[in-house]
Amino acid sequence: MTTWNDLYWADPYAWAMEQARALRDPSRRANAIDWDNVAEEIESVGVSQYRACETAIERIMEHMLKIEFLRKPDPVRHWRKEIRNFRNDLSRDLSPSLAAALPKALETPFRRARDRVLADLEEREEQAPADLPAANPYSWDDILGRGENWTPAPRA
């Protein structure tokens, strides 16, 4: 006999559709709901949303670092366009509760952004700039493009 847990792992789409039908039909709720996995899936929606926002923040920071510290004027227009695109992605996915939580957690995406910049430099056999910051220099407003609308020119 196939259990809800078996279906959950074997065919997540079929499991999700069946659980949605059972949740909508009060006569089926008592025996047809796989509560543990439903709770896990609901939680994973929140985790996915958080990760999508965090990834957009990471990519914004990566491009901000490139503009500010790599001193390469040619790709700056492209990097600025990328920042605008990632800000649009972030604004689409940013809920009020994430907008409250994420500003307190900028170090992790900054470290990953900095690592991406360093990996890019290593791949091109270039030295990292001595002034590349080790800690996050960007505010939440910088990330969102508020206030001063962070768009510095590359350093000379």
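Conventions we followed
Residues numbered from 1 in each chain as written. Predicted model: local features only at pLDDT ≥ 70, side-chain atom pairs only at ≥ 80, totals over all residues. Heavy atoms only, no water. Helix = DSSP H or I, 4+ residues; strand = E, 2+ residues; numbered from the N terminus. Rg over C-alpha atoms; globule rule 2.2 N^0.38 Å. Buried < 20%, exposed > 50% of the residue type's maximum accessible area, 1.4 Å probe, protein only. Contact = heavy atoms within 4.5 Å. Areas by Shrake-Rupley, 256 points an atom, 1.4 Å probe, with all protein chains shown as cover. Lys, Arg positive; Asp, Glu negative; His and termini not counted. Charge placed at Lys NZ, Arg CZ, Asp CG, Glu CD. pLDDT = per-residue confidence, 0-100. Core = buried A, V, L, I, M, F, W, Y, C linked by side-chain atoms within 4.5 Å. Patch = residues over 30% accessible without salt bridge, like charges linked within 9 Å, V, L, I, M, F, W, Y side chains within 5 Å. Salt bridge = Lys/Arg side-chain N within 4 Å of Asp/Glu carboxyl O.

Chemist: Explain the overall build of the chain to me, please; I cannot follow it from the model alone.
Modeler: A tally of regular secondary structure across the chain gives eight helices and zero strands. In the chain, the succession of α and β elements from N to C terminus is α-α-α-α-α-α-α-α. Here the C-alpha atoms of the chain give a radius of gyration of 22 Å, more than 25% beyond the 15 Å that 2.2 N^0.38 yields for 156 residues. Taken over the C-alpha atoms alone, the chain extends approximately 70 × 35 × 25 Å along its principal axes. Burial status across the chain gives 33% buried among its 156 residues. Counting contacts in the chain only where the partners sit at least 6 residues apart, residues at least 24 apart contribute 72% of the total. About 9800 Å² of surface is accessible on the chain, with carbon and sulfur atoms providing 51% of the total. Here the chain carries 23 positive and 28 negative side-chain charges, and the mean point of each set is 6 Å from the other.

Chemist: When you look at the confidence of the model for the chain in this model, what are you seeing that I'm missing?
Modeler: For any part of a model where pLDDT is low, the fine detail of the predicted coordinates should not be relied upon. With 91% of its residues at a pLDDT of 70 or more, the chain has an overall mean of 86. Mean pLDDT across the secondary structure elements of the chain bottoms out at helix α3 (residues 29-32), with 72, and peaks at helix α7 (residues 107-123), with 95.

Chemist: Just to check I follow, could you spell out the nonpolar core for this structure?
Modeler: One broad rule of soluble globular proteins: the nonpolar side chains tend to lie buried together. One finds Ile57, Ile60, Met61, Leu65, Leu90, Tyr138 and Ile143 to be the most contacted residues of the largest nonpolar core, which totals 26 residues. Secondary-structure elements contributing two or more residues to this core are α4 (35-69), α5 (76-93), α7 and α8 (140-144). In this structure, Ile143 is in contact with Ile57, Ile60, Met61, Met64, Arg87, Leu90 and Tyr138, ignoring residues within four places of it in sequence.

Chemist: Could you clarify how one ought to interpret a negative patch on the surface in this entry?
Modeler: Taken together, the side chains of Asp36, Glu40, Glu41 and Glu43 make up a negatively charged region of the molecular surface. Within the secondary structure, Glu41 is located in helix α4.

Chemist: Sorry, what's going on with the pattern of salt bridges here?
Modeler: Side chains that differ in charge, positive against negative, can pair when their charged atoms come close. The tally for this structure, following the rule as stated, stands at 14 salt bridges. Of the charged contacts, one joins Glu126 and Arg124 as a salt bridge, the two residues approaching to 3.0 Å between their closest N and O atoms. For Glu126, a relative accessible area of 28% puts it in the partly exposed group. What makes Arg124 partly exposed here is its relative accessible area of 33%. Linked through salt bridges whose partners overlap, the residues forming this network are Glu54, Glu58, Arg59, Glu62, Lys66, Lys72, Arg112, Arg116, Asp120, Arg124 and Glu126.

Chemist: What is the right way to look at the environment of Asp120 in this model?
Modeler: Examined against the element boundaries, Asp120 turns out to sit in helix α7. Assessed through its relative accessible area of 22%, Asp120 is described here as partly exposed. Spatially, the C-alpha atoms of Asp120 and Lys66 are 10.0 Å apart, while their sequence positions differ by 54 residues.

Chemist: Would you mind going over the environment of Ala30 with me for this structure?
Modeler: Along the chain, Ala30 turns up in helix α3. For the pair Ala30 and Arg116, spaced 86 residues apart in the sequence, the C-alpha separation amounts to 50 Å.

Chemist: How should I be thinking about unusual backbone geometry in this particular structure?
Modeler: For residues besides glycine, phi is generally negative; the peptide bonds are generally trans as well. Positive phi values are uncommon outside glycine, yet Glu125 reaches one of about 55°. Summarising the element assignment, Glu125 is placed in the loop between α7 and α8. In this structure Glu125 comes out as exposed when scored by relative accessible area, which is 74%.

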